[in-house]
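# Results of the structural survey
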Amino acid sequence: MHLLLIGSGGREHAIAWKLAQSDQVDRISVAPGNPGMVDEPKITPVDLAIDDIDALLEFARAQAIHLTIVGPEAPLVAGIVDAFTEQGLRIFGPCKAAAQLEGSKAFAKDFMSRHRIPTARYATFDDAAAARLWIERHGAPIVIKADGLAAGKGVVVAQDEEEAYAAVESMLSGQFGEAGNNLVIEEFLHGEEASFIAVVSGRDCLALASSQDHKARDEGDLGPNTGGMGAYSPAPIVTDAVHAHVMNDIVQPTINALVDDGMPFTGFLYVGLMIDDTGQARVVEYNVRLGDPETQPLMMRLKSDLLPLLDHAVDGTLPEAQVSWHAGSAIGIVMAAGEYPQGSSEGKRISGIERAEAARCKVFHAGTRRNGDQLETAGGRVLCVTATGDSLAEAKQLAEAGAACISWEGSRYRRDIGYRALRAATSEGPS
Ligand code: AMP
Ligand code: GLY
């Protein structure tokens, strides 16, 4: 079978790497892919842009693609699934209407409020004076969000009111283009975050293993928000009780409501959760795709074949799907440009990937390019160094040793990925 995967990041490298292990798969074309995929068996980057829906359609038809899988949110929000489905082509991902759960934070908040899905109190604004009044009334900390897509960067957790006003001014004055014409301002939620991702098909869903991402740039979860600086799976905060609560009170009501609202969801539904110290979870955000970098450790832990799972979801037979996971833990440490998230790195020589892979790591590419036989930086998040272990501590040690092998001028990475889970393991004592 020939598959088409859309995207070019570390997430797509990991999805393609996992799909390539399927006996059913002969070839995976990745549009546009990245240099890390070139040396992988069965994987071929193809020079098509993620937003060129007509060209992607034409490619899928001409190549008799068995299934197209969409990695990033932008083509989903633009309606790629509707376009493929209208032409009778099989594609894994939500339709345009359902993708608004990620494409518009105001839509997502109104949806949750209408369907009584637990989330932070909020209001939406397109006017600075009204926003200012709401901030004055509620005080800091408070969270300011651009309504539209902003590559994970359109959120400011303001520690004081001045910072909140500044965020409102800069978003409304065009920092994120049209994405910032409307703002959601919401109550700050206390607790610990976790990423809860399920494969969804109408009213059926199957949860993937839990994971947790570190969105802040700096160690200690400080500094500006990024697309994600590292992730690990499982996330011990998602106990069996929390899992049951999230499925019953959040995921199932969400997907049922989507069916009832006339926009049934097929694809990966990612629920970003804030879990308080009593185990109550509230939704921080919905994404309509896999997380990056959560996918990298998740794909390392996924034992069963990924393709039948996606096929079952598309065919409406998800209850027949079987999924199994490797025991132990996996971790992914993002190596980013020193300039990230404000800027990126271009043309810096990268060395040491082979040494990291010889030391039991898998290195997924994101912002890289080839210049002759030299690998160079070409982005904000450049690589994700991933490893598995019997414990999170072991996986972390391996991935950090791998990251230490790799360098380019100005690289940065966090050395504390997984610290919350490691602290929880230590405070429970030896078992
Ligand atoms: P989002 O893009 O909505 O996931 O927001 C990015 C990050 O900002 C989240 O992962 C949280 O770390 C933080 N955040 C967003 N909303 C809230 C909130 N209401 N309370 C506390 N932290 C938040
Ligand atoms: N890691 C967070 C995201 O993919 O949105």
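So, here is what we can say about the structure in this document.

Rules behind the numbers
Residues numbered from 1 in each chain as written. Chains lettered and ligands numbered in written order. Predicted model: local features only at pLDDT ≥ 70, side-chain atom pairs only at ≥ 80, totals over all residues. Heavy atoms only, no water. Helix = DSSP H or I, 4+ residues; strand = E, 2+ residues; numbered from the N terminus. Rg over C-alpha atoms; globule rule 2.2 N^0.38 Å. Buried < 20%, exposed > 50% of the residue type's maximum accessible area, 1.4 Å probe, protein only. Contact = heavy atoms within 4.5 Å. Areas by Shrake-Rupley, 256 points an atom, 1.4 Å probe, with all protein chains shown as cover. Lys, Arg positive; Asp, Glu negative; His and termini not counted. Charge placed at Lys NZ, Arg CZ, Asp CG, Glu CD. Salt bridge = Lys/Arg side-chain N within 4 Å of Asp/Glu carboxyl O. Near = heavy atom within 4 Å. Polar contact = N/O pair within 3.5 Å; in protein donor to acceptor, adjacent residues only side chain to side chain. Pairing = 2+ DSSP bridges. Axes fitted to C-alpha atoms, helices over the stretch in contact; angles between N-to-C directions. Nonpolar A, V, L, I, M, F, W, Y, C, P; charged D, E, K, R; others polar.

### Describing the overall build of the protein
Assigned secondary structure in the protein consists of 15 helices and 24 strands. For 431 residues, the compact-globule estimate of 2.2 N^0.38 gives 22 Å, and the C-alpha radius of gyration of the protein, at 21 Å, lies within 12% of that figure. Once the C-alpha set of the protein is aligned to its principal axes, its extents read approximately 60 × 50 × 50 Å. Put simply, the protein has 431 residues, and 56% of those count as buried. Relative to all contacts within the protein whose residues are 6 or more apart in sequence, the contacts with residues 24 or more apart total 68%. Summed over all atoms, the accessible surface of the protein reaches about 17200 Å², with 47% contributed by carbon and sulfur. Taking the average place of the 37 positive charges on the side chains of the protein and the average place of its 59 negative ones, the gap between the two points comes to 3 Å.

### Brief notes about the pattern of salt bridges
Think of it this way: side chains of opposite charge can pair up when their charged atoms draw near. Going through the model one piece at a time under the given rule, you end up with 25 salt bridges. Note that lysine 362 and glutamate 357 form a salt bridge whose closest N and O atoms lie 3.9 Å from each other. A relative accessible area of 14% places lysine 362 in the buried class. Several salt bridges share partner residues, and in doing so they unite Asp221, Arg414, Asp416 and Arg420 into one network.

### Regarding the site of ligand 2
Around ligand 2, the structure places Asp213, Lys215, Gly227, Tyr270, Asn287, Arg289, Gly291, Asp292, Pro293 and Glu294. Arginine 289 has a polar side-chain atom sitting 2.8 Å from an oxygen atom of ligand 2. In this structure, a nitrogen atom belonging to ligand 2 sits 2.9 Å away from a main-chain N or O atom of aspartate 292. For ligand 2, whose unbound accessible area comes to 200 Å², protein coverage reaches 91%.

### Focus: the sheet that holds strand β4 (residues 67-70)
A sheet is described by the order of its strands in space; here five strands give the open sequence β3-β2-β1-β4-β5, paired in parallel fashion. Each edge of the open sheet is held by one strand with a lone partner, namely β3 (43-45) and β5 (91-92). Bridge analysis of strand β2 (residues 27-32) against β3 gives three bridges, and the strand direction is parallel. Among the inter-strand pairings, valine 30 is bridged to a residue of β3, identified as proline 45. Where helix α1 (residues 10-19) meets the sheet, it contacts β1 (2-7), β2, β3 and β4, and its direction lies at approximately 165 degrees from that of β1. Against the sheet, helix α3 (residues 53-62) makes contact with β1, β2 and β4, and its axis sits at roughly 165 degrees relative to β1, the strand it touches most.

### A few points about unusual backbone geometry
Residue proline 32 is reached from alanine 31 by a cis peptide bond, and omega for that bond is -5 degrees. Looking at where proline 32 falls in the secondary structure, it is placed in strand β2. Of note, the amide linkage connecting aspartate 292 to proline 293 takes the cis form, showing an omega dihedral of 25 degrees. Of note, alanine 64 is a non-glycine position whose phi angle comes to about 50 degrees, a positive value.

### Quick notes on the site of ligand 1
The full set close to ligand 1 counts 15 residues, and Lys145, Glu186, Leu189, Glu193 and Glu285 are the nearest of them. Between ligand 1 and lysine 105 there is a distance of 3.3 Å, counted from an oxygen atom to a side-chain nitrogen or oxygen. Here ligand 1 has 470 Å² of accessible area as a free molecule, and 94% of this is covered by the chains. Going through the elements one at a time, β7 (142-146), β8 (155-158), β9 (183-187) and β17 (281-287) are the ones with two or more residues in the shell around ligand 1. Tallied by class, residues from the shell around ligand 1 come to seven nonpolar, one polar and seven charged.

### Description of the side chain of serine 233
For serine 233, the position within the fold is in strand β15 (residues 230-233). For serine 233, a relative accessible area of 0% gives the class buried. At 2.7 Å, the side chain of serine 233 and the backbone oxygen of serine 210 are in polar contact. Reaching out from serine 233, the side chain makes a polar contact with the side chain of arginine 301 at a distance of 2.9 Å. In this structure serine 233 touches Ala209, Ser210, Ser211, Pro297, Leu298, Arg301, Gly328, Ser329 and Ala330, once residues within four positions along its chain are discounted.

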